[in-house]
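Secondary and tertiary structure notes
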Amino acid sequence: AGINAADQEFGTNTKLVGSKALNMEGMLQEMETAIATEADGIITAGVFSTPEMYEVIEKAERMGIPVVILDSDLPESTRSAYVGTDNYEAGIASGEAIAEAAGGGARIGVVVSELTAANQQERLDGLYSVVERSPDMQVVEVLECHSNYLEIAEKLSLLLQEHPEVDTLCFLEGRAGSCFGGILEKRTASGRKLTVIAFDASEATLEYVDSGLYYSTIVQKQYEEGYKAVETLYHIVQGTPQSEAVYTDVLSIKAENLDSLKKASDEGLVWHYY
């Protein structure tokens, strides 16, 4: 929606291309297509820190097609700019929410998508920076669940079974918050209390926050990310120097400030899936 608004503001025309699951091969192929069709620029998420991704970014830049990275940076690539969350600070926000909810004492299970993803590692580092300052806080286990609903449900259920001391769950990616609430409702009904700090603002996650099942969720300003990505790319194409990193804020959303979060509409957006 932010990209769409920026298109209207700057007279640009952004084609939205994506997949419904993490798919590096498809992403690389679509970036090659963008290069072959001589796009003016490319915006993509830096979820794959691989030689193949670095090569296609370098190829685009070499051919005069600037690449702006969203959400997770690839600073070692030749990309023109990064727009998105300071993921280290997002991890700190998650840790501070845990400390606030638990009064400093917590045994934590953490969910990430891919440990090799820069944004996930940066969020973990930020979380650990808070945990290390609090002697009564401990990360018991980090689960890599590949943003897969079934894997998240299975691994979290096993974690809670094998580690009865875990009293806090911290999700550093968005899918876990959407899918785990139903399972948590059953476990809460059986008498086990768990504090949950989720990530991102899916409809299901916000409902669980509103009901009190989740303590809070750390929300990225994704509309702003999309808008600023187009704005930054537009100015780069026009030859105007831009900052190499444009950081957007995160918000800690709880039931009492849920009304402050405005949900952007995706009405009228056309996606091309691979």
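Refer to the preceding data block for the structure.
My aim in this report is to walk through the structure given alongside it, one point at a time. Along each chain, the written sequence defines residue order, and numbers are assigned to residues from 1. pLDDT decides what is reported in this predicted model: residues at 70 or higher carry local features, side-chain atom pairs at 80 or more are listed and counted, and totals for whole chains, interfaces and linings draw on all residues regardless. Heavy atoms throughout the structure, all of them, feed into the side-chain values; hydrogens and water do not.

Some words on the overall build of the protein chain
Helix and strand counts for the protein chain come out as 10 helices and 12 strands. A radius of gyration in this sense is built from C-alpha atoms; the matching globule rule multiplies 2.2 Å by the number of residues raised to 0.38. In summary, the protein chain has a C-alpha radius of gyration of 19 Å against a globular reference of 19 Å for 274 residues, a match within 12%. Projected onto its principal axes, the C-alpha coordinates of the protein chain cover approximately 60 × 40 × 35 Å. Accessibility here uses a 1.4 Å probe with only protein chains present; expressed as a share of the type maximum, an area under 20% marks a residue as buried, one over 50% as exposed, and anything in between as partly exposed. Across the 274 residues in the protein chain, those meeting the buried criterion constitute 46%. Under the DSSP-based scheme used, a helix requires at least four consecutive residues in state H or I and a strand at least two consecutive residues in state E, with every element numbered from the N terminus.

A short note on the state of the cysteines
Disulfide assignment relies on a single distance test, namely cysteine sulfur atoms paired within 2.5 Å. Across all of its chains, the model carries zero disulfides by this definition. No disulfide involves Cys-170; its sulfur sits 13 Å from the nearest other cysteine sulfur, which is in Cys-145. Taking relative accessible area as the criterion, Cys-170 reaches 0% and is therefore assigned buried. Cys-179 takes part in no disulfide bond, and the closest cysteine sulfur to it belongs to Cys-145, at a distance of 8.4 Å.

Regarding the packing of helix α1 (residues 2-10) against helix α10 (residues 222-237)
At a minimum axis distance of 7 Å, the contact between α1 and α10 shows a crossing angle of 35°. The handedness of the crossing between α1 and α10 comes out as right-handed. Together, Gly-2, Ile-3, Ala-5, Ala-6, Asp-7, Glu-9 and Phe-10 of α1 and Tyr-223, Gly-226, Tyr-227, Val-230, Glu-231, Tyr-234 and His-235 of α10 make up the contact between the two elements. Basically, the charged four are Asp, Glu, Lys and Arg, the nonpolar ten are Ala, Val, Leu, Ile, Met, Phe, Trp, Tyr, Cys and Pro, and anything else, Gly included, counts as polar. Residue composition of the contact of α1 with α10, by class: eight nonpolar, three polar and three charged. In this analysis an axis means a line fitted to C-alpha atoms, helices contributing only their contacting stretch, and an angle means the value between N-to-C directions, from 0 to 180 degrees. Crossings are classed by handedness, with left-handed meaning an anticlockwise turn of the near helix from the far one by less than a right angle and right-handed meaning a clockwise turn. We call two residues in contact when some of their heavy atoms are within 4.5 Å.

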